[in-house]
Amino acid sequence: MLLAYLVIAAVSPAPASPLAKMHYLVGQWNCTYRAGAVRFAYHNTYAYDRGGHTLRQVTSWAGGGDEELVAFDAKRGWTAVVIDDQGTTTVMRAAGDDPNHVAFRSVYPDASVAVTFDRVSATEYTLHGTVRSGGKTTISVDTCLRSVR
């Protein structure tokens, strides 16, 4: 009986990780950031890295950009590390394993950033952000659509 269980366990495929379920993001996206009267366009490119254990996002806009690495660990949940053009690094965490709704909160250098990723469809996602800085709170919404090339 034990041998049968071990054989079944060995041939049963492991469930796909939540990160693997984000494969639809791979490729290029056109996004629009909106916060009050501020609005600007930017572009994202997603690709898997580190043997598929990390999703890399490279973002560019007129005059700047950043890079983000996203990983998922079953015990710790989601981790995102963002490095911008000035070398500023932000580390964010999120609980849960739903790849269609991830509510990140910054843990480094402080807890001033909250960003919620929501999958709308295979060709659209949104980011709802709140950033506290200098006694001011900025609320933003980004809408991203798959680039057609």
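It should be emphasised that the depicted structure is a prediction, and the values quoted were computed from it without experimental measurement. Each chain carries its own residue numbering, running from 1 in the direction its sequence is written. In view of the model being predicted, local features appear only for residues whose pLDDT reaches at least 70, and side-chain atom pairs are presented and counted only at 80 or more, with totals across whole chains, interfaces and linings using the full set of residues. Each side-chain value is derived from all of the structure's non-hydrogen atoms; neither hydrogens nor water enter the calculation.

1. As for the overall build of the chain
Basically, it comes down to this: Under the DSSP-based scheme used, a helix requires at least four consecutive residues in state H or I and a strand at least two consecutive residues in state E, with every element numbered from the N terminus. Here, two residues are considered to be in contact whenever any of their heavy atoms come within 4.5 Å of each other. Only the protein chains shown count as cover for residues, and all accessible areas are computed by the Shrake-Rupley method using a 1.4 Å probe.
Within the chain, the secondary structure is distributed over one helix and 10 strands. The linear arrangement of helices and strands in the chain, starting from the amino end, is α-β-β-β-β-β-β-β-β-β-β. Sequence separation of at least 24 residues holds for 28% of the intrachain contacts in the chain that already meet a minimum separation of 6. Of the roughly 9,300 Å² that the chain leaves accessible, carbon and sulfur atoms contribute 59%.

2. A closer look at the nonpolar core
Note the threshold: Here, nonpolar core means buried Ala, Val, Leu, Ile, Met, Phe, Trp, Tyr and Cys residues that are tied together by side-chain atoms lying within 4.5 Å of each other. For each residue, the accessible area found with a 1.4 Å probe, counting protein chains only, is set against the maximum for its type, and the residue is called buried under 20%, exposed over 50%, and partly exposed in between.
Counting 24 residues, the largest nonpolar core has Leu25, Trp29, Trp78, Phe104, Phe117 and Tyr125 as the members making the most contacts within it. Taken together, the elements giving at least two residues each to this core come down to β1 (27-35), β2 (38-49), β5 (77-84), β6 (89-94), β7 (101-108), β8 (113-121) and β9 (124-133). Sorting elements by how many residues they give to this core places β1 first, with four residues. In contact with Phe104, other than residues within four places in its own chain, are Val70, Trp78, Thr79, Ala80, Met92, Arg93, Ala94, Val113, Ala114 and Val115.

3. Remarks on the pairing of β6
Quick note on the threshold: Only strands that DSSP links by at least two bridges are regarded as paired with each other.
Of the pairings in the sheet, the one linking β5 to β6 comprises six bridges and is antiparallel in character. By the bridge assignment, Ala80 is partnered in β6 with Met92. In this structure, the hairpin formed by β5 and β6 is closed by a connection of four residues, where Gly87 is found at a positive phi of approximately 90°.

4. Re unusual backbone geometry
Omega for the bond connecting Tyr108 with Pro109 falls within 30 degrees of zero, at 5°, which places this linkage in the cis form. Along the chain, Pro109 falls in the loop between β7 and β8. Not every positive phi belongs to a glycine, and Arg50 is a case in point at roughly 55°. Relative to the helices and strands, Arg50 is located in the loop between β2 and β3 (54-61). Overall, the relative accessible area of 64% leaves Arg50 in the exposed class.

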